[in-house]
Amino acid sequence: MNRINVRKFGLAFGVTGALLHLGCIILMATVGKEGTVLFFNSIIHGMDFSSVVRMDISFTEAFIGLIEIFIICWLIGACIAGVYNSSLKAQ
């Protein structure tokens, strides 16, 4: 089996997480609170997001969230690649 490049895999995870976060920002900006609640209630059935969704998010807060989600996802991706690579050595 081939080894996974930890940095590249982390970057792929980070960019994917950031794109999902950006998609959420765009969704909230275009469909409003009711549409956002309907969307997330449809995805995660059995949960009601109407009391959780907050629409008064500033641009700065959304941007900081985008950076934070990128970093968190990068770390998750790097961790997955590192664990995968270390399991190859054990074989």
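For the structure itself, consult the block above.
Because the structure is predicted, anything quoted here is derived from the model rather than measured. (Residues numbered from 1 in each chain as written. Predicted model: local features only at pLDDT ≥ 70, side-chain atom pairs only at ≥ 80, totals over all residues. Heavy atoms only, no water.)

Engineer: Quick rundown of the overall build of the protein? Include the residues and the values.
Structural biologist: Secondary structure summary: the protein contains two helices and zero strands in total. Rg of the C-alpha trace for the protein: 17 Å, well past the compact-globule value of 12 Å for 91 residues, more than 25% over. Counting only C-alpha atoms, the protein reaches 50 × 30 × 15 Å along its principal axes. Taken across its 91 residues, the protein has 21% of its residues classed as buried. In the protein, of all internal contacts separated by at least 6 residues, the share reaching a separation of at least 24 is 71%. Looking at the protein as shown, the accessible area adds up to about 6,700 Å², and 71% of this sits on carbon and sulfur atoms. When the 6 positive and 5 negative side-chain charges of the protein are each reduced to one mean point, those points stand 25 Å apart. (Helix = DSSP H or I, 4+ residues; strand = E, 2+ residues; numbered from the N terminus. Rg over C-alpha atoms; globule rule 2.2 N^0.38 Å. Buried < 20%, exposed > 50% of the residue type's maximum accessible area, 1.4 Å probe, protein only. Contact = heavy atoms within 4.5 Å. Areas by Shrake-Rupley, 256 points an atom, 1.4 Å probe, with all protein chains shown as cover. Lys, Arg positive; Asp, Glu negative; His and termini not counted. Charge placed at Lys NZ, Arg CZ, Asp CG, Glu CD.)

Engineer: For the environment of F13, give the residues involved together with the corresponding values.
Structural biologist: Residue placement: F13 occurs in helix 1 (residues 6–43). Taking the C-alpha atoms as reference points, F13 and L88, separated by 75 residues in sequence, lie 21 Å from one another.

Engineer: Residues and numbers for the side chain of N85, please.
Structural biologist: Position of N85 among the secondary structure elements: in helix 2 (residues 59–90). At 2.7 Å, the side chain of N85 forms a polar contact with the backbone oxygen of I4. (Polar contact = N/O pair within 3.5 Å; in protein donor to acceptor, adjacent residues only side chain to side chain.)

Engineer: Explain the pattern of salt bridges to me, and be specific about the residues and the numbers.
Structural biologist: Within the structure shown, the criterion is met by two salt bridges. The partner of R54 in a salt bridge is D56, with the nearest N and O atoms 3.6 Å apart. Residues R54 and E61 are paired through a salt bridge, measuring 2.5 Å at the closest nitrogen-oxygen approach. Exposure remark for R54: the relative accessible area of 39% places this residue in the partly exposed category. Take E61: its relative accessible area is 37%, and that puts it in the partly exposed class. (Salt bridge = Lys/Arg side-chain N within 4 Å of Asp/Glu carboxyl O.)

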